[in-house]
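Examination of the molecular architecture
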Amino acid sequence: MEQTDRFETSIYRIAISLIVFGLGLLSTLFVISMVLFIREMGKESSSVSGSMAGLIVSITKILPLTIALAAAIVMLSKGLSLLIRVKDLSEDED
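Our subject in this report is the structure included herewith. (Residues numbered from 1 in each chain as written. Predicted model: local features only at pLDDT ≥ 70, side-chain atom pairs only at ≥ 80, totals over all residues. Heavy atoms only, no water.)

**Some thoughts on the overall build of the protein**
Across its full length, the protein carries 2 helices and 0 strands. Working note: accessible area of the protein is about 7300 Å², and carbon and sulfur atoms make up 71% of it. (Helix = DSSP H or I, 4+ residues; strand = E, 2+ residues; numbered from the N terminus. Areas by Shrake-Rupley, 256 points an atom, 1.4 Å probe, with all protein chains shown as cover.)

Structure follows, in structure tokens:
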């Protein structure tokens, strides 16, 4: 019985840490994307080559943010599903 309590506690801690880290990553990504968006609004180019270069630069900035966003969402979903499973396990034992 004591071993299962330790197991549930460790799963609970891992789930909470995944959720906290995922939320922190999401909020950091939001701030970074807002800063990049505000910087891009200030820059205007009227030529076609300048527009293409701007598009390429924007894509290279967005791609890592998108990958990190996907990782943050996966961490959040895994953490929440772990919390739900721990809750179900504790209800089944009672």
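**Some thoughts on the side chain of E8**
Relative to the helices and strands, E8 resides in helix α1 (residues 2-42). There is no salt bridge for the buried E8, and the closest opposite charge comes from R6, which lies 12 Å off by N-O distance. Ignoring anything within four residues of it in the chain, the contact list for E8 reads V86, L89, S90 and E93. (Buried < 20%, exposed > 50% of the residue type's maximum accessible area, 1.4 Å probe, protein only. Lys, Arg positive; Asp, Glu negative; His and termini not counted. Salt bridge = Lys/Arg side-chain N within 4 Å of Asp/Glu carboxyl O. Contact = heavy atoms within 4.5 Å.)

**Description of a negative patch on the surface**
On the surface, a cluster of negative charge is made up of D5, D88, E91, D92 and E93. Considering every element that reaches the negative patch, the biggest residue donor is helix α2 (residues 48-93), with 4 residues. With respect to the helices and strands, the residue D88 is situated in helix α2. Judged by relative accessible area, which is 37%, D88 ranks as partly exposed. (Patch = residues over 30% accessible without salt bridge, like charges linked within 9 Å, V, L, I, M, F, W, Y side chains within 5 Å. Charge placed at Lys NZ, Arg CZ, Asp CG, Glu CD.)

**Considerations on the environment of V74**
Structurally, V74 can be placed in helix α2. Here the alpha-carbon distance between V74 and G22, two residues 52 residues apart in the chain, equals 8.1 Å.

**Focus: a nonpolar patch on the surface**
Residues F30, V31, M34, V35, F37, I38 and M41 make up a contiguous nonpolar surface patch of roughly 700 Å² in combined accessible area. By secondary structure assignment, the location of M34 is in helix α1.

**A closer look at α1**
With 41 residues, α1 extends 61 Å between its outermost C-alpha atoms, agreeing within 8% with the 60 Å of an ideal straight helix rising 1.5 Å per residue. Looking at α1, one finds that the buried residues are E8, I11, A15, I19, G22, L29 and L36. (Expected span 1.5 Å × (residues − 1).)

**Side note on the environment of L36**
Relative to the assigned elements, L36 resides in helix α1. Distance from L36 to K61, taken between C-alpha atoms, is 8.3 Å for residues 25 residues apart in sequence. The residues touching L36, leaving out its near neighbours within four places in the chain, are K61 and L65.

The values reported here are purely geometric and, on their own, carry no functional implication.
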